[in-house]
Amino acid sequence: MFVHSLTNIAKFNVMHKACPVCNERLEPEPGFYQGAMYVGYALSVAVTAFVFILVFVLDIQSMWLPVIIVSAIMVLLIPVNYRYSRVLYLYMFGGIQYSPKTD
Ligand SMILES: [Zn+2]
């Protein structure tokens, strides 16, 4: 789905126009992936909730430590969040399904 590796920070967002294996269009309509930011938001909320639950369980008394940890994780996970939100959005609303057969 993506042209470059996840570790290529400068070009992690470049996508193929169509699947190189089955030639399925990866952008069903212009602006399709605008909705993916809501999926990315949900993923960010999940990570934030996980960190704050961890802070509660570990009984960390600092107020700023969780904020700093969440901020660092969010910055580090920008490429992962970007890609997973697009993939999940395409699967949910793109009208395509994974099929192991590539006739
Ligand atoms: Zn394909």
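These numbers were taken from a predicted model, which means no experiment stands behind them.

Asks: Help me out: how do you make sense of the packing of aromatic side chains in this one?
Replies: In this description, a pair of aromatic rings is defined by centroid distance and the angle of the planes. On inspection of all chains with the given rule, the structure shows 4 aromatic pairs. For the pair Phe12 and Tyr82, a centre-to-centre distance of 5.4 Å together with 90° between the ring planes defines the contact as edge-to-face. With Phe12 in the segment before α1 (36–57) and Tyr82 in helix α3 (residues 78–93), the pair connects residues that are 70 residues apart, well separated along the chain. Residue Tyr82 is classed as partly exposed on the basis of its relative accessible area, which comes to 24%. With a centroid separation of 5.1 Å and 50° between ring planes, the pair formed by Phe32 and Tyr89 is classed as tilted. Note that Phe32 is positioned in the segment before α1 and Tyr89 in helix α3, a separation of 57 residues in sequence. Three or more aromatic residues link up through ring pairs in this structure, and these residues are Phe32, Tyr33, Tyr89 and Phe93.

Asks: Looking at this structure, how should I read unusual backbone geometry?
Replies: Of all residues except glycine, most have a negative phi; of all peptide bonds, most are trans. If you check the backbone angles, Asn23 has positive phi at about 65° while not being a glycine. Counting through the fold element by element, Asn23 comes out in the segment before α1. Residue classification places Asn23 among the exposed residues on the basis of a relative accessible area of 61%.

Asks: Just to check I follow, could you spell out α1 for this structure?
Replies: Every α-helix carries 3.6 residues per turn, so stepping three or four residues along brings you back to the same face. The first and last C-alpha atoms of α1 sit 32 Å apart over 22 residues, in line with the 32 Å expected at 1.5 Å per residue. Of all the positions in α1, only Ala36, Val39, Gly40, Ser44, Val51 and Val55 are classed as buried. Looking down the long axis of α1, one finds its buried residues gathered within 160° of arc, a one-sided arrangement. In α1, the exposed positions angled more than 90 degrees off the buried face are occupied by Tyr38, Tyr41, Ile53, Phe56 and Val57. Along its buried surface, α1 packs onto α2 (64–76) and α3.

Asks: When you look at the environment of Leu54 in this model, what are you seeing that I'm missing?
Replies: Within the fold, Leu54 resides in helix α1. Using a relative accessible area of 39% as the deciding quantity, one classes Leu54 as partly exposed. Taking the C-alpha atoms as reference points, Leu54 and Gly31, 23 residues apart in sequence, are found 37 Å from one another.

Asks: Got a minute to help me understand the UniProt feature "transmembrane region" (unreviewed entry) in the chain in this structure?
Replies: The sites that carry the UniProt feature "transmembrane region" (unreviewed entry) are, in the present numbering, residues 35–57 and 63–82. Span residues 35–57 is 96% helix and 0% strand, its end C-alpha atoms 34 Å apart. In residues 63–82, helix accounts for 90% and strand for 0%; the two terminal C-alpha atoms are 28 Å from one another.

Asks: I would appreciate a short explanation of the nonpolar core in the present structure.
Replies: Across soluble globular proteins, nonpolar side chains show a tendency to be buried alongside one another. Of all hydrophobic cores here, the largest spans 10 residues; its members are Phe2, Met15, Leu26, Phe32, Tyr33, Ala36, Val39, Tyr89, Leu90 and Ile96. Elements supplying a minimum of two residues to this core: α1 and α3. Residues contacting Val39, with those up to four places away along its chain left out, are Ser85, Leu88, Tyr89 and Met92.

Rules used throughout
- Residues numbered from 1 in each chain as written.
- Predicted model: local features only at pLDDT ≥ 70, side-chain atom pairs only at ≥ 80, totals over all residues.
- Heavy atoms only, no water.
- Phe/Tyr/Trp six-rings, centres within 6.5 Å; stacked < 30°, edge-to-face > 60°.
- Helix = DSSP H or I, 4+ residues; strand = E, 2+ residues; numbered from the N terminus.
- Buried < 20%, exposed > 50% of the residue type's maximum accessible area, 1.4 Å probe, protein only.
- Expected span 1.5 Å × (residues − 1).
- Arc of directions from axis to C-beta.
- Contact = heavy atoms within 4.5 Å.
- UniProt positions renumbered as here; feature names shortened; annotations may be inferred.
- Core = buried A, V, L, I, M, F, W, Y, C linked by side-chain atoms within 4.5 Å.

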